[in-house]
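Summary of structural features
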Amino acid sequence: MKVEELPVDERIKRVIRERGIKELYPPQAEALKSGVLEGKNLVLAIPTASGKTLVSEIVMVNKLLREGGKAVYLVPLKALAEEKYREFKEWESLGIRVAATTGDYDSTDEWLGRYDIIVATAEKFDSLLRHSPKWVRDVKLVVADEVHLIGSYDRGATLEMILSHMLGKAQILALSATVGNAEELAEWLDAALVMSDWRPVELRKGVFHLGQLFWEDGKIDRYPENWAFLVIDAVKRGKGALVFVNTRRSAEKEALSLSSKVSKLLTKPEARQLEELISSIEDNPTTEKLKRALKGGVAFHHAGLSRAERTLIEDAFRAGAIKVIAATPTLAAGVNTPAFRVIIRDTKRYAGFGWTDIPVLEIQQMMGRAGRPKYDRVGEAIIVARTEDPKKLMERYIHGKPEKLFSMLANEQAFRSQVLALITNFGIGNFRELVDFLGKTFYAHQKGDIAALEYKARNVVYFLIENEFIDMDTSDRFMALPFGKRTSQLYIDPVTAKKFRDAFPQLEENPNPFGIFQLIASTPDMATLTARKRELEDYLDLAYEFEERLYTNIPYYEDSRFQGFLSQVKTAKVLLDWINEVPEARIYETYNIDPGDLYRILELADWLMYALIELYKLFEPKEEVLQYLRDLHLRLRHGVREELLELVKLPNIGRKRARALYNAGFTTPDAIMRAKVRDLLEVEGIGIKVVEGLFKHFGVEMPGKVKEAGKKAEKARKRGTLDEFLK
Ligand code: ADP
């Protein structure tokens, strides 16, 4: 179908044409003829890169121009929210306002009311629904990207509940990877179904075994025995490759080993470009390895890297500066990074108790990254058989069908949160109504019978009543209690809230960081670090040393909670080091963690600390304890001791700069305001930009002459460093 023939507003066609798109891909045409433009729900299950986003854009903008209201676009990851936000911004030329929202789960975000397209993570939108902002009534369309995540153990229930809430209230467009039971999903959503294997770039799939590459069509190519030659061969042909492995450490190892081979193929300008890239990356033990690999044009990509580093790698790979990425499977679920050749080194991974096969759905998503539209005629996806039988791999992953999706609503942790929310925030008044609502879920549709879920729901309701989240009046109607309502809005597990409340009396007696951090680490909402076998004794010693500060008893070692407890102690110790200004690099080394891990526990701890304070406020708080908690929260957020709290509130002043300023005698904002520019520039990490920001913040104009002098002073100082000298 030609773009011209689309039955939509001329202006929409103009924007599409301006992107250089004249003809719709066949599955796009089919999708747009399915009735979705007239308001019918649609499940669109087609491979990555076959143009799902464009379909959703046309549907959204068409609806907004015709009917007004709002469209919500749900994504599974923050990085994807940013990617989509950037893409949708183009529609602003038609007067459509686009916003993205991801963090802060305790907010109505009324400001979103001014926007037409709202991009949000599923968790964020779920939390917004619990605050019932006014604009939610105007939502006329929900696009659920990567809807197959309904089958994900920890995140599926959220998506399923959002869709259950919105079903019948707004039009639904569900975008999915190819799954085994898309029909079932479409039936549940009362939606048309468009399914296809069509791809804009042909995909050739094969299995590599000891130097033989068996293609799916029966052809065989011969290579040296080591699969690394598949990578080198791609780079020699001027193309890139993605290598998927199952652990962070193997991603690093493969990247370093491939780097030494790829580096020989780089041109001088390419090497220079990489040098530039390397110099923009911060130093720590993980990036030290990354930098070594990057020298040869290869990167690794895993959850241990910071977001900024991952984005940098993705961008540089798309731009061709990085030739090869060795990645854990998270990359396949993330932003768009196509490559000519995709090599899957591992089809098994370690999951808790042993090795399991990676699902077909996930391997197919990795394979789907092969082939760059506009650049490659074909893309190649190759699975490496190491100890496995190549025939079996071919059967399972190349000729096989992806798995069915199963509802994860019954996952206990997710379910108790959702039941609480239904009662406290969504007006479910009694058990009958609760069961009726559950009858609208994918779980109910799939199982056809919700007896088991009803039984679980009953237990959850008992738990909620027993712990005063809700109550029941004499006519068996639910009543939301403030503790329950707040828990639900704070978007935490009721078990977390209960743990907090139970600890409040002891916390009031003896407020201290270690006790509070261990408490936070003991909740199901926290992702704790694991204490390894050889570390157990050390953390047990630490627990005994700090016993008086804890709000819980140290379990005996026969206790099933023993190892979990020591993991909480480890996590609490990391947080304690953080607020005592231990440098990040030392933290990574001491606890053998990556920057991404530290970032994640800090982010979670920050949110849980906030929730703890908010809940404490409900129980006749003592003012001095509340103040203590607030200060501790700030220390946690900034990673500083108490004396720096005033300084880190200043713009661009983080823990390092604040400490440097403090040690140089600038101990208060006032002292900084009165300081001479020259003296401030003497402080480590303080440049003219930072000083300008500070003065702006204080409302003090910096005379042009001072600025010039400042720049000169900064240059002179830089020249004085060893680095400059060596250059
Ligand atoms: P998906 O969301 O299915 O992964 P995208 O919508 O991101 O895929 O599409 C991948 C790329 O294909 C984008 O760069 C997009 O601009 C381009 N594209 C989409 N539809 C067409 C089309 N009909 N003709 C040419 N290019 C297209």
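Per chain, residue numbering runs from 1 following the sequence as it is written. Per-residue local features of the predicted model are confined to residues with pLDDT of at least 70, and side-chain atom pairs are confined, for both listing and counting, to 80 or more; whole-chain, interface and lining totals are unaffected and use all residues. To obtain the side-chain values, all non-hydrogen atoms of the structure were used and water was disregarded.

Numbering goes from the N terminus for both helices and strands, where a helix is a DSSP run of H or I of at least four residues and a strand is a run of E of at least two. Secondary structure summary: the chain contains 32 helices and 19 strands in total. In this description the radius of gyration comes from C-alpha coordinates, and the expected globular size is given by 2.2 Å times residues to the power 0.38. Against the globule reference of 27 Å for 727 residues, the chain gives a C-alpha radius of gyration of 28 Å, in line with a compact fold. With the principal axes as the frame, the chain shows a C-alpha extent of 80 × 70 × 60 Å. Expressed as a percentage of its 727 residues, the buried residues of the chain come to 55%. Two residues qualify as a contact provided that any one of their heavy atoms is within 4.5 Å of a heavy atom in the partner residue. For the chain, restricting intrachain contacts to residue pairs at least 6 apart in sequence, the fraction spanning at least 24 positions comes to 68%. For the chain, the accessible surface area stands at approximately 33200 Å², while carbon and sulfur atoms represent 50% of it. Note that His is not counted, nor are the chain ends; the positive residues are Lys and Arg, and the negative ones are Asp and Glu. For charged residues, the charge sits on one atom: NZ in Lys, CZ in Arg, CG in Asp, CD in Glu. Taken as two groups, the 109 positive and 108 negative side-chain charges of the chain have centres that lie 6 Å from each other. Buried, partly exposed and exposed residues are distinguished by accessible area as a fraction of the type maximum, computed with a 1.4 Å probe on protein chains only: under 20%, between the cut-offs, and over 50%, respectively. Surface accessibility follows the Shrake-Rupley procedure with a 1.4 Å probe radius. Residue values consider only the protein chains on display as shielding.

It is worth spelling out the UniProt feature "domain: Helicase ATP-binding" (unreviewed entry) in the chain at this point. UniProt positions are given in the numbering used here, feature names are shortened, and annotations may be inferred rather than shown by experiment. According to UniProt, the positions carrying the feature "domain: Helicase ATP-binding" (unreviewed entry) are residues 33–197. Helix makes up 33% of residues 33–197 and strand 22%, and the two end C-alpha atoms of the span are 18 Å apart.

Okay, the UniProt feature "domain: Helicase C-terminal" (unreviewed entry) in the chain next. Per the UniProt entry, the sites bearing "domain: Helicase C-terminal" (unreviewed entry) are residues 230–423 in this numbering. Regarding residues 230–423, the helix share stands at 44% and the strand share at 16%, and the terminal C-alpha atoms are separated by 56 Å.

On to the domain arrangement of the chain, then. Just so you know, the domain bounds were taken from an automatic or database domain assignment. Looking at the chain, the domain boundaries give domain 1 (3–195), domain 2 (202–396), domain 3 (412–489), domain 4 (494–639) and domain 5 (647–726). One C-alpha centre belongs to domain 2, the other to domain 5, and the line joining them spans 43 Å.

Our next topic: the nonpolar core. As used in this record, nonpolar core signifies buried Ala, Val, Leu, Ile, Met, Phe, Trp, Tyr and Cys residues forming a set joined through side-chain atoms within 4.5 Å. Among the nonpolar cores identified, the biggest contains 85 residues, and Leu434, Ile516, Phe517, Leu598, Met609, Leu612 and Leu629 are the most heavily contacted of them. It is helix α25 (residues 595–616) that provides the largest number of residues to this core, a total of 13 residues. Once residues within four sequence positions are removed from consideration, phenylalanine 517 is found in contact with Ala572, Leu575, Leu576, Ile579, Leu632 and Leu636. Ile232, Ala293, Phe300 and Ile383 belong to the second largest nonpolar core, which has 64 residues in total.

All right, on to the pairing of strand β8 (residues 202–209) then. With six of eight residues buried, β8 is to be regarded as a mostly interior element. The criterion for strand pairing is that DSSP finds at least two bridges linking the strands in question. Pairing geometry for β8 and strand β17 (residues 378–384), over seven bridges, is parallel. Bridging from a neighbouring strand, lysine 205 pairs with alanine 381 of β17. Pairing between β8 and strand β9 (residues 212–215): four bridges, direction antiparallel. Paired with glycine 206 across the strands is tryptophan 215, a residue of β9.

A word on the site of the ligand. Here a residue is near a molecule or strand as soon as one of its heavy atoms is found within 4 Å of it. Close contacts around the ligand come from 13 residues, with Glu23, Gln28, Ala49, Lys52 and Thr53 the closest. Between the ligand and alanine 49, the relevant distance is 2.7 Å, taken from an oxygen atom to a main-chain nitrogen or oxygen of the residue. Threonine 53 is positioned with one of its side-chain polar atoms (N or O) 2.6 Å from an oxygen atom of the ligand. Considered on its own, the ligand offers 560 Å² of accessible surface; in the complex 77% of this is hidden by protein. Polar contacts, as used here, are pairs of N or O atoms within 3.5 Å; protein pairs need one atom able to donate a hydrogen and one able to accept it. Residues neighboring in sequence count only if both atoms are side-chain atoms.

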